[in-house]
Amino acid sequence: MERLPEFIANHLFLVSLLIALLMLLAWNLFGDNMSGMRLLPPVEVTRLINHEHAVLVDVRTQEDFTQGHIINAINIPQADLEARQTELDKYREKPLVLYCQTGTVSGRMSRALKHQGFSNVSVLKGGVQAWKSAGMPLARETDA
């Protein structure tokens, strides 16, 4: 332990690389919690839908939406969010659950909605892929 400062001085690049990797790992593990984003698994989203009448917002493109979406979801693609925000204003007091294909786009959009005053915004962790993997049903445009 007494030779640690000497090791650090002799291997400054490796120690810097280790610190950077540890910081990236911490951000990957805890970044979503620190940003205030709530990631919910499919089972928890189902509970929100059934017990708290959560509103589902599919942020994928119209084409992806018609291929399969969660029942009763509203389709507002990421590019249209600002133009169509008035559609979401009536749901300010309800829980909103955003989802995309994998959960990355919906995470960015949830932060944007929080900045616009929506307090109860969550993200389906893993997106539609996680929903399908959990054996949950998808509706097609012809089914709706």
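Higher on the page you've got the structure.
What comes next concerns the included structure. (Residues numbered from 1 in each chain as written. Predicted model: local features only at pLDDT ≥ 70, side-chain atom pairs only at ≥ 80, totals over all residues. Heavy atoms only, no water.)

## Thoughts on the sheet that holds strand S3 (residues 74–75)
Taking strand neighbours across the sheet as the criterion, the 5 strands line up as S1-S5-S4-S2-S3 in an open arrangement whose pairing is parallel. Sheet topology places strand S1 (38–40) and S3 at the edges, where each strand pairs with a single neighbour. Looking at chain direction, strand S2 (residues 55–58) and strand S4 (residues 96–99) are connected through 4 bridges and run parallel. Paired with Asp58 across the two strands is Tyr99, which belongs to S4. (Pairing = 2+ DSSP bridges. Helix = DSSP H or I, 4+ residues; strand = E, 2+ residues; numbered from the N terminus.)

## Concerning the nonpolar core
Judged by nonpolar contacts, the single largest core of 15 residues is most densely connected at Val57, Leu88, Leu96, Leu98 and Leu113. Among the secondary structure elements, those contributing two or more residues to this core are S2, S4 and helix H6 (104–115). Here Leu113 is in contact with Leu81, Leu88, Leu96, Leu98, Phe118 and Val121, once residues within four sequence places are set aside. The next biggest cluster of nonpolar side chains, apart from the first, holds 13 residues, and it includes Ala54, Val97, Tyr99 and Trp131. (Core = buried A, V, L, I, M, F, W, Y, C linked by side-chain atoms within 4.5 Å. Buried < 20%, exposed > 50% of the residue type's maximum accessible area, 1.4 Å probe, protein only. Contact = heavy atoms within 4.5 Å.)

## What to know about the packing of aromatic side chains
With the rule as written, the count across this model stands at 0 aromatic pairs. Above the ring of Phe118, the side-chain terminus of Arg92 is found at 4.2 Å from the ring centroid. (Phe/Tyr/Trp six-rings, centres within 6.5 Å; stacked < 30°, edge-to-face > 60°. Lys NZ or Arg CZ within 6 Å of the ring centre and 35° of its normal.)

## Description of the environment of Gly103
Relative to the helices and strands, Gly103 resides in the loop between S4 and H6. In the structure, Gly103 is positioned 28 residues away from Asn75 in sequence and 15 Å away in space, judged by C-alpha atoms. Each residue touching Gly103, except ones within four places of it in the same chain, is listed here: Val123, Leu124, Gly126 and Gly127.

## Here's the deal with the side chain of Gln85
Following the sequence through the fold, Gln85 ends up in helix H5 (residues 85–89). Each residue touching Gln85, except ones within four places of it in the same chain, is listed here: Arg92, Gln116 and Phe118.

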